[in-house]
Amino acid sequence: MRNFLLASLMGLMLSCTSAQTDENSDKSNIDELISQMTLEEKVHMLHGKGKFTSAGVARLGIPHLKSADGPLGVREEIQNDSWAPAGWDNDFATFFPAGGGLSSTWNLDLVRRYSIAMGEEARAREKHVLLAPAVNLIRSPLGGRNFEYFTEDPFLNKKLVVPFVQGLQANDVASCVKHYAINNQETLRGSIDVQADERTIREMYLPVFEAAVKEGNAYSVMSAYNRFRGAYLSENDYMLNTILRDEWGFKGFVMSDWGAVHSTKESALYGLDIEMGTEIDNYDDWFFSEALIAAVRNGEVSESVIDQKVKNILYVMEKIHAIGSEPQAKGTLNTPEHLQVAYDVAAESVVMLKNDNNALPLKSSKIRSIAVIGDNAKRKHANQGFGAGVKTRTEVTPYDALVAHYPDMKVNYALGYKEQYLKNDLNRSWGLPVDYVPNEQLVAEAVAAAKASDVAVVFAGSNRLVETEAEDRKGLRLPFGQEALIKAVKAANPNTIVVIIAGSPHDLSEIDATVDGLLWSWFNGSRAGDAIVDVLFGEVNPSGKLPVTFPKRLEDSPAHATNSFPGGPDVVTYEEGILVGYRWFDTQNIEPFYPFGYGLSYTSFEYSDLSTDKSSYNAGDVIKVSLKVKNAGAVDGKEIIQLYTSKPESDIQRAARELKGFGKVALKAGEEKLVTLEIPVKELAYYDVEAKGWSVEPGTYDLASGASSRDLRGKVSFSVK
Ligand code: BGC
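- As named in an unreviewed UniProt entry, the protein chain is Glycoside hydrolase family 3 C-terminal domain-containing protein, taken from Marinoscillum luteum.

Take a look at the structure:
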């Protein structure tokens, strides 16, 4: 900004007025700037000049472009040329709940508050670009990055991404939506060639990116590590030029994932704008550095291609007021309001999986002592594993929260289980083969704590060393012998509750069969402990619902049933096609363990009077769906109502049902509300490969309202002409 003021004083740029928000004058300013730049200046804007910066042109008032990792909050500062922490004392940030937590709220207003807060933090740290959200579709329960991603469902995914991007960008920060595209596994992520048919990518994997660009107006997109149909995503003409720019009208810049570039000419011609990197520190040797200058000089790449890339960057810089006369938002960091957002998301994200015999909520007035058991009772999740975390001043663990909320309760803590790995010849702490054998000594201590207490709560699950970027999990089983621990604790104290903290589906069959009360929480941010304790004791009525299916067995889930995860060594073919997640289970009639959209409440909800406003619609219409929902219990609560459509008679392959609408309503005890949700008829379209476009099949459709994908509470039919 200071540089810019200097530049404008020197008259190097056309003077800017507020009228210049107009597209045409934007262009002329940018063109004018570009015309003053040397080829070297332009090309050096197109590659990393530090781990998280690319160069500007100081003499023209163009700042370095500064980015930071995002999904969990603004990552700590690292050194310019290495991954070592910079050691600053002002780079603390709020740890926001990871993707799974955010999506299980199904609450779009909360998503917007969350990303506005995150954007304010990014600005306070003087970032131009936040590398968030991470939105790849969850294809396998084993995906290492599932905890960062939102869901297995393309409709929920695209509904979540729009307020996320808009909220983030509200404070002069560009959202970099990642990882574009079809990047659904960590195994061989740097080389694997994904083969998926056109209908599958259009219906399942691309809608979230399309919505981010067309509705969210995302200013940047990160190209993924892997290949798609032979070409790396950083040099994939079809993905970057044909779809992203030509079809969707994307105007911002494409930034590579770190070290995801493999060529100079192809990447330049096929749609990459900025090369970012990881291991290589000699920036002149990068594909988009001296080699790109040479490619222009020898005629392989025209200078107009370079100009366009610079234009894409300056377009974004102008939008976020990094250039131009308007001041850039200053942002705020670690405010009480941001911690409140983190709490609100965490509190609405907790999913109650089981509550037999009213095991929950716990009644604080009746509990004098509580056994708090498990590594996850005290573990912090802001910053472990491979990849981005957050350096935060505040991370309230469940143990901390319990002690703070109930100072008069005697807490008997026992570790119960601890991390143990079979071998570590990899010289790293994350993604190691886990040991499932319980630690007898720790189990004995936990049993003693449980016996000495009125109730026992075991905080189990995984952690960010087990679920991590760069490595997929090997199986569904809970690590470190937790089943045996939980059985022993339950035998010692019948009032045993289990809280699982994790980011991906696990096999909970033994635990579900052991205890009456079972809650699920996520890597849930700075106030995770406060939120889970408030749910445990009924201060908050749980209202989260699962954004993914929990299979009974790994082989039941689609990518594994079709033996196509993780594929390799060179290619992975998405054999299940459009039947990802619950679409597979429902179409194949396979019983899931916990279905997509499932989650219990301390109250119960009754659905009635489902209807559509008409019985027949045209392709351009909007279907108005209404139903009554009543809180039939004694406590206030929130319910996520889901609308699924089916087409029983169809000329094409169809999933048994597809989510096409949802809404979250708050209902006081005893209250009934008439809820209206809208489904544009075009949402019913399938991708017609021959016609290369979306098509709504005429005929009869069924519409069901449900409390989950397997708990359908009403059904109506309508027709489309
Ligand atoms: C990840 C990206 C991340 C980048 C920079 C890569 O390994 O895939 O999500 O933004 O590193 O940290």
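## What about the site of the ligand?
So, step 1. Taken together, 14 residues sit near the ligand, with D69, R145, H179, D257 and E469 positioned nearest.
So, step 2. Between an oxygen atom of the ligand and a side-chain N or O atom of D69, the distance comes to 2.4 Å.
So, step 3. One nitrogen or oxygen atom from the side chain of R145 is found 2.7 Å from an oxygen atom belonging to the ligand.
So, step 4. Against a free-state accessible area of 310 Å², the protein chains account for coverage of 95% of the ligand.

## Looking at the nonpolar core
So, step 1. Y180, M239, L314, L362, I370, L536 and F537 are the most contacted members of the largest nonpolar core, which totals 156 residues.
So, step 2. Among the elements that line this core, the one with the most residues is helix α6 (residues 154–169), at 8 residues.
So, step 3. Those residues in contact with Y180 that sit more than four places away from it in its chain are L206, F209, V221, M222, S223, A224, L233, M239, L240, I243, L244 and W248.
So, step 4. In terms of nonpolar packing, the next biggest core, distinct from the first, is built from 39 residues, Y149, V351, V515 and Y598 among them.

## With respect to the UniProt feature "domain: Fibronectin type III-like" (unreviewed entry) in the protein chain
So, step 1. Per the UniProt record, the feature "domain: Fibronectin type III-like" (unreviewed entry) sits at residues 639–709.
So, step 2. In this annotation, residues 639–709 is assigned 0% helix and 61% strand; the end-to-end C-alpha distance for the span is 14 Å.

## Some thoughts on the sheet that holds strand β11 (residues 351–355)
So, step 1. Pairing in this open sheet of 6 strands is mixed, and the strands run β11-β16-β15-β14-β12-β13 from one edge to the other. The open sheet has two free edges, formed respectively by β11 and β13 (410–414), since each of these has just one partner strand. Put simply, the sheet's adjacent strands are angled 20° from each other on average, direction ignored.

## What to know about the packing of aromatic side chains
So, step 1. Summed over the entire model, instances satisfying the criterion amount to 28 aromatic pairs.
So, step 2. Both rings, one in F386 and one in W430, keep their centres 4.9 Å apart while their planes meet at 65°; by these two values the pair is edge-to-face. Residue F386 is found in the loop between β12 (369–373) and α14 (398–405), and its partner W430 is found in the loop between β13 and α15 (440–451); the two are separated by 44 residues along the sequence.
So, step 3. F386 gets classed as partly exposed once you look at its relative accessible area, which sits at 32%.
So, step 4. Between the aromatic rings of Y594 and Y598, the centroid separation amounts to 5.6 Å while the plane-to-plane angle is 5°, which identifies the pairing as stacked.
So, step 5. Ring-pair connections join several aromatic residues into one group, and the members of that group are W106, F155, Y582, F596, Y644 and F662.
So, step 6. One Lys or Arg, R139, reaches over the ring of Y574 and ends 3.9 Å from the middle of that ring.
So, step 7. One residue, K391, lies across the ring of F92, its end atom 4.8 Å from the ring centre.

## Here's the deal with helix α5 (residues 108–124)
So, step 1. Its 17 residues give α5 an end-to-end C-alpha distance of 24 Å, which sits within 8% of 24 Å, the value for a rise of 1.5 Å per residue.
So, step 2. Within the span of α5, buried status applies to L110, V111, Y114, S115, A117, M118, G119, E121, A122 and R123.
So, step 3. Here the buried face of α5 lies against α4 (99–103), β4 (129–131), α6 and α13 (336–349).
So, step 4. For α5, the capping residue at the N-terminal end is N107, with a side-chain oxygen 3.1 Å from the backbone nitrogen of D109.
So, step 5. Once α5 finishes, E126 follows within two positions and takes phi at roughly 60°, a positive value.

What counts, and where the lines are drawn
Residues numbered from 1 in each chain as written. Predicted model: local features only at pLDDT ≥ 70, side-chain atom pairs only at ≥ 80, totals over all residues. Heavy atoms only, no water. Near = heavy atom within 4 Å. Polar contact = N/O pair within 3.5 Å; in protein donor to acceptor, adjacent residues only side chain to side chain. Areas by Shrake-Rupley, 256 points an atom, 1.4 Å probe, with all protein chains shown as cover. Core = buried A, V, L, I, M, F, W, Y, C linked by side-chain atoms within 4.5 Å. Buried < 20%, exposed > 50% of the residue type's maximum accessible area, 1.4 Å probe, protein only. Helix = DSSP H or I, 4+ residues; strand = E, 2+ residues; numbered from the N terminus. Contact = heavy atoms within 4.5 Å. UniProt positions renumbered as here; feature names shortened; annotations may be inferred. Pairing = 2+ DSSP bridges. Axes fitted to C-alpha atoms, helices over the stretch in contact; angles between N-to-C directions. Phe/Tyr/Trp six-rings, centres within 6.5 Å; stacked < 30°, edge-to-face > 60°. Lys NZ or Arg CZ within 6 Å of the ring centre and 35° of its normal. Expected span 1.5 Å × (residues − 1).

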